[in-house]
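Summary of structural features
Next come the chains, spelled out residue by residue.
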Amino acid sequence: MAIALPPVVTGISPIEGVPGTKVTIRGENFGNRPEDLIGLTICGVDCLMTAEWKTSNKIIARSGAGIGKGDIIVTTVQGSRGTSTVQFKGYQETMGPLKESAVWVDETIFLNMAFGRKRPMSPASVLQDDPLGLSVEGNDLKVLEEDLEEMFPGCSGDLTSTKFSPEWFLLENHLSTSFEDLRAGLACLRRKVEAQKEGQISFLKANVGSVIEQLDTLQELKCKFESDIQEYGRNSTQILEKSIIECKEEADKLFEDVLQRKDRADGTRNALNVLHRFRFLLYLPVNIERHIQKGDYDVVINDYARAKSLFGDTQVPLFRRFYSEVEKRIDDLRNVLGEQLTRMPSSLEHQKKIIRNLHHLETPGDPAWQCLSAQHEYILHLLISARDNHLNREMADHDLGSGGGKISGGGGAGGARHATPAAKYNKIMMSSVGEWQATAPVRVLMVEEICEVLSTNFPDMWKLSQAYFGGELLPPTAQVDHFKHPRCKDMILELLHVFSGVMRGAIMPLSLHPDGQNFRNYHVWPEVSLDQITPWLPQVLRHVRGCHNTLLTLDLPNDALDVLKDLIFDLRVHCLTSLFQQTVEHVRSLHTREKWQLEVDDENGGCTHLPHICENVIVECAQLVRETVLETSHHESPLIDHPTVRRDIMTLIHNVIVAFAQSLEKLSLRDPDEDIGDCNVSENAPGIEAQLLITLSNCAFMRRSILPRLSDSLVRASYPQEEVKEAVEQASRTYTELQDRLFEAYLEERVDPIIGMIERSMYLGQYDWGKVDHPPTDVRTYVKEILLNITHVHAEVVRVWPGLVGKLIGRVVEGVGEEMSRLIACVGNWSKSGTLQAHIDLAALTSVLQNHISLAASASFEEAREMLPKLSAADERVKEEVLQSFRRKMRFLLGCFLELEHLEDSITTHSLA
């Protein structure tokens, strides 16, 4: 609020005059309306009653009874007491022979008129002849009137003044007169005085004509008196007196009625004169009531101040009676203003105006403090009422089964299930006001309302308290009560703590201390699922930040701002945690969206669209958290700098990445007895072996390609690099373990049947190695069946993940080698042809699979070969001929193994890289 400047008087016309002179005052800052003028003094005399406000630069008034020079002081409501750069001179009016007067005037004094003028120049120019009989022409030396007033305070050089000072007169008129001239003037003055004291003879000589006329008149009166005695006797005066009395009685009888009517008329006239003269006071009670009804409180206050200054100390019974009626009306006005002061809501300017009006009315108590307490109670009531109203509504919805809120996102059940938290938040931001109000949870609507309540009403309360303790809302004679400052601070902190408690109880009840009073007061909301509130948390944070920004402009104390800072910090952490947890739940359910549509990449192998969906979901969540939580203004502390939050971010990133591994595990490593419909598996899903293989490829693609890209995206999104790297590394180990389990599960599904058929196919038709008597001509069928089964696995793996072929075939060969060694060890008797046939079968297997025989497989085959009887040179030649025939006949089958990569040592004993 701008501070009004004090009024300044810069000009006055006229600059001197007798009491009652009409004066025009000019200057600056005289107020904006007549009511702003509350004081005017001229030469120290109050002239407010005659003042007439014209503009902010002009006032017309009549001067008072002040004598001499003095300042013109103007006082206004806004600028208080002013100053003056000019002065007005007041003087008593000089009486002359042509001036009407109720007292005798010495007509021997004549006026010294200027030659050729019709009237005096001014009252100051109406002068008497010099009493010393000296001429003042050529007397150029003058003493300033200001210096004379300073030397002779309270005196005057005017001969007619009762405060006449000879010294003043001589210095003013005869400063250059010589001492000899002054002595001559004194002698002249003495002669004039002696001339007035001459004897009776000189008086008679001067008035002989008048004396003779008076003697003749007395002689005529004597003669007339003697003739009257002779005619009427000596008691003529008694007869005359009796006659006068009789005449008077007759006259009274004639004019008695007329005189009575005249007395009544005079009484009525006098009453009307009194009524007209004091109608301001007599009409004031009615005027006050009328102005109160109109709301013109300023007019009432000005009239009351005027009446109090005029009639406050009156002893006239009539005036006292009317003044008491005025006081009653003013008491009623005080009550009306007091009710308006505590009636909420009300604007700050209106409240300040009421407080000032109550001070002008001299209302007992402290209206400003009452208004401050009323505002505190009003805001507190609004906060608690908003909480209770929305709580009752949510409890009603909860009893009806709606859970206290509506889930927003997607069309239908499928759309809502597949919508990410980021997608739900974007839908909220793009919705209209009506849609927002219809879909928002009840407690989110409560957050919006209480933020609006605090942002709208709290600034007025704070500004009122600042004005109160700054002395702006106190009477001029009152002092600020600093003992109320702690109470005011407690009221402000109470409002902010209630706001924080209501917010925490509705949005994040776990942030309330379980043993504190706030937990019992605010932990009253029913619990709801995470997905109902999480998409709205950024919106909640935006509302609270907006409220905090509004309060930042008020220059609140630090302990008050810390309440909101702690609330925003906890809300940001809660929003961060909830968004990631909701994303974890969403990623964990991504297995329901697997369509088993394979996309083959020459570099990365085959994978479905599921890893890309997971990547998009995690990146969307990270971007939403960065935009709504991590990005801060200069009033908020960065979350990344907080050690606990950094650890939480690492854990959340790890959990959301690992959640996809859990989804993959649930997709492929589920219980065989589990109902497929419960897992939402696609109807077009391939067999369990293909599902394991595709999931294995997705897991490898996730670990090999997606995780590095996620790490780069999170670092670019301002997430802490070290924590992101550690979280990704830990998650990568989880995917490695899952990949190993999937690999073993696929081997169990594919290798075990291959190994299991070897013994059955080897002894098909009750074949006996000890009873074979015909020489072998070809490799036995079970060997060809082993190779065909391996090529089937090879074809299945190549279609999904070509890079897995070598590793997988190596594990199959290990199993085949172990089974062959076991079966040969179980043979008790060998014939010559059976021995040759066994050597041919082992040689065929090892020659075809030589690029994929690991150390363990080579040891198994060598062990089986050592358990066979030795061959002769002739048998060796037969063996080579049979093997060459086998290679020629089975060249198409053997071609499948020629392009396979060589198996590295120990490749089958470690996790897949």
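Residues numbered from 1 in each chain as written. Predicted model: local features only at pLDDT ≥ 70, side-chain atom pairs only at ≥ 80, totals over all residues. Heavy atoms only, no water.

Quick notes on the overall build of the protein
Tallying secondary structure elements over the protein gives 30 helices and 13 strands in all. Sequence separation of 24 or more characterises 74% of the internal contacts of the protein that already satisfy a separation of 6 or more. Carbon and sulfur atoms form 52% of the exposed surface of the protein, whose accessible area is close to 50,800 Å². (Helix = DSSP H or I, 4+ residues; strand = E, 2+ residues; numbered from the N terminus. Contact = heavy atoms within 4.5 Å. Areas by Shrake-Rupley, 256 points an atom, 1.4 Å probe, with all protein chains shown as cover.)

Some thoughts on the sheet that holds strand S10 (residues 83–84)
Reading across from one edge, S6-S7-S3-S1-S10 is the order of the 5 strands in this open sheet, with mixed pairing throughout. Here the strands that pair on one side only, and so sit at the sheet edges, are strand S6 (52–55) and S10. Bridge analysis of strand S1 (residues 8–13) against S10 gives 2 bridges, and the strand direction is parallel. In the strand pairing of S10, Val 8 is matched with Thr 83. (Pairing = 2+ DSSP bridges.)

Examining the pairing of S6
In this sheet, strand S7 (residues 58–62) lies alongside S6 in antiparallel orientation, the contact comprising 3 bridges. Paired with Glu 52 across the two strands is Ile 60, which belongs to S7. In sequence, S6 turns back onto S7 through a hairpin of 2 residues.

Quick word on the pattern of salt bridges
One pass over the structure, following the stated rule, counts 29 salt bridges. Between Asp 559 and Lys 489 there is a salt bridge; the shortest N-O distance is 2.8 Å. Of the two residues, Asp 559 sits in helix H20 (residues 558–588) while Lys 489 sits in helix H16 (residues 485–507), which places them 70 residues apart along the sequence. Arg 822 serves as the salt-bridge partner of Glu 759, at 3.1 Å between the closest nitrogen and oxygen. Placement of the pair is Glu 759 in helix H24 (residues 721–762) and Arg 822 in helix H26 (residues 805–825), with a sequence separation of 63 residues. For Glu 759, a relative accessible area of 37% puts it in the partly exposed group. Arg 822 gets classed as partly exposed once you look at its relative accessible area, which sits at 37%. Sharing partners across several salt bridges, the network here consists of Arg 33, Asp 36, Asp 298 and Lys 353. (Salt bridge = Lys/Arg side-chain N within 4 Å of Asp/Glu carboxyl O. Buried < 20%, exposed > 50% of the residue type's maximum accessible area, 1.4 Å probe, protein only.)

Some words on the nonpolar core
Of all hydrophobic cores here, the largest spans 193 residues; its most connected members are Phe 499, Met 503, Ile 657 and Tyr 719. Sorting elements by how many residues they give to this core places H24 first, with 17 residues. Here Tyr 719 is in contact with Phe 580, Cys 621, Ala 622, Val 625, Arg 626, Leu 630, Ile 649, Ile 653, Leu 714 and Val 724, once residues within four sequence places are set aside. Within the second largest apolar cluster, 16 residues are counted, among which are Val 23, Leu 37, Ile 59 and Val 74. (Core = buried A, V, L, I, M, F, W, Y, C linked by side-chain atoms within 4.5 Å.)

Comments concerning the side chain of Thr 846
Relative to the helices and strands, Thr 846 is located in helix H27 (residues 832–848). A distance of 2.9 Å separates the side chain of Thr 846 from the backbone oxygen of Leu 842, its partner in a polar contact. For Thr 846, the side chain forms a polar contact with the main-chain oxygen of Ala 843, separated by 3.1 Å. With residues up to four places along the chain from it excluded, the contact list for Thr 846 reads Ile 853, Phe 861 and Arg 865. (Polar contact = N/O pair within 3.5 Å; in protein donor to acceptor, adjacent residues only side chain to side chain.)

Structural notes on the packing of helix H22 (residues 643–668) against H24
Relative placement of two packed helices is described by the angle separating their axes and the distance separating the axes. Remark: H22 packs on H24, axes separated minimally by 8 Å, with the N-to-C direction vectors making an angle of 15°. The orientation of H22 with respect to H24, classified from their angle, is roughly parallel. Taken as a pair, H22 and H24 cross one another with a handedness that is right-handed. Along the contact surface, H22 presents Arg 646, Met 650, Ile 653, His 654, Ile 657, Val 658, Phe 660, Ala 661, Leu 664, Glu 665 and Ser 668, while H24 presents Glu 723, Val 724, Glu 726, Ala 727, Val 728, Gln 730, Ala 731, Thr 734, Tyr 735, Leu 738, Arg 741 and Leu 742. In the contact of H22 with H24, the residues fall into 14 nonpolar, 4 polar and 5 charged. (Axes fitted to C-alpha atoms, helices over the stretch in contact; angles between N-to-C directions. Parallel < 35°, antiparallel > 145°, perpendicular 65-115°, else oblique. Left-handed = near helix turned anticlockwise from the far one by under 90°. Nonpolar A, V, L, I, M, F, W, Y, C, P; charged D, E, K, R; others polar.)

With respect to unusual backbone geometry
Residue Pro 14 is bonded to the preceding Ser 13 through a cis peptide linkage, with omega at -5°. With respect to the helices, strands and loops of the structure, Pro 14 is situated in the loop between S1 and strand S2 (16–17). Of the consecutive residues Met 344 and Pro 345, the connecting peptide bond is found in the cis state with omega at 0°. Within the secondary structure layout, Pro 345 lies in the loop between helix H9 (317–342) and helix H10 (348–360). At Glu 362, a position not held by glycine, the phi torsion is positive, near 55°. The residue Glu 362 is located in the loop between H10 and helix H11 (367–400) in this model. Its identity is not glycine, yet Asp 555 carries a phi of approximately 60°, on the positive side. Relative to the elements of secondary structure, Asp 555 occurs in the loop between helix H19 (537–552) and H20.

Structural notes on the confidence of the model for the protein
Low-pLDDT portions of the prediction should not be read for the details of their coordinates. In this model, the protein carries an average pLDDT of 79, and 84% of its residues clear a pLDDT of 70 or more. A low-confidence stretch, residues 675–680 (pLDDT under 50), is modelled with 7 contacts involving residues beyond four sequence positions or located in other chains. In this model, residues 900–913 is a region of pLDDT below 50 whose contacts with residues beyond four sequence positions or in other chains number 32 contacts. (pLDDT = per-residue confidence, 0-100.)

Topic: the pairing of strand S11 (residues 87–90)
Looking at chain direction, S2 and S11 are connected through 2 bridges and run parallel. Following the sheet pairing, Glu 16 is matched in S11 by Lys 89. When strand S8 (residues 68–76) meets S11, the two strands line up antiparallel, connected through 4 bridges. When the sheet's bridge partners are listed, Gly 70 is paired in S11 with Phe 88.

Focus: the environment of Arg 393
You can see Arg 393 is positioned in helix H11. Residue classification places Arg 393 among the partly exposed positions, given a relative accessible area of 38%. Considered as a pair, Arg 393 and Val 442 are 49 residues apart in the sequence and their alpha carbons are 7.3 Å apart. In this structure Arg 393 touches Val 442 and Leu 445, once residues within four positions along its chain are discounted.

Things to note about the packing of aromatic side chains
Under the definition given, this model contains 6 aromatic pairs. A centroid spacing of 5.9 Å and a plane angle of 45° characterise the contact between Trp 369 and Tyr 468, whose relative ring orientation is tilted. Of this pair, Trp 369 sits in helix H11 while Tyr 468 is found in helix H15 (residues 442–469), placing the two residues 99 residues apart along the sequence. Summarising the burial analysis for this pair, Trp 369 and Tyr 468 share the class buried. Residues Tyr 767 and Trp 769 carry aromatic rings whose centres are separated by 5.0 Å and whose planes lie at 85° to one another, so their mutual orientation is edge-to-face. Given a relative accessible area of 3%, Trp 769 falls into the buried group. Chaining the aromatic ring pairs together yields one cluster made of Trp 369, Tyr 468 and Phe 469. (Phe/Tyr/Trp six-rings, centres within 6.5 Å; stacked < 30°, edge-to-face > 60°.)

Quick word on the packing of H15 against H16
Axis separation between H15 and H16 bottoms out at 11 Å; the angle between their running directions is 170°. What the angle tells us is that H15 and H16 run roughly antiparallel. Touching Arg 443, Met 446, Val 447, Ile 450, Cys 451, Leu 454, Phe 458, Met 461, Trp 462, Ser 465 and Phe 469 of H15 are His 485, Cys 488, Met 491, Ile 492, Leu 495, Leu 496, Phe 499, Val 502, Met 503, Ala 506 and Ile 507, all from H16.

Examining the environment of Lys 424
Summarising the element assignment, Lys 424 is placed in helix H13 (residues 421–430). A residue is classified by how much of its surface remains accessible, and Lys 424, at 5% relative accessible area, is buried. Each C-alpha atom of the pair Lys 424 and Trp 536 lies 8.5 Å from the other, and the pair is 112 residues apart in sequence.

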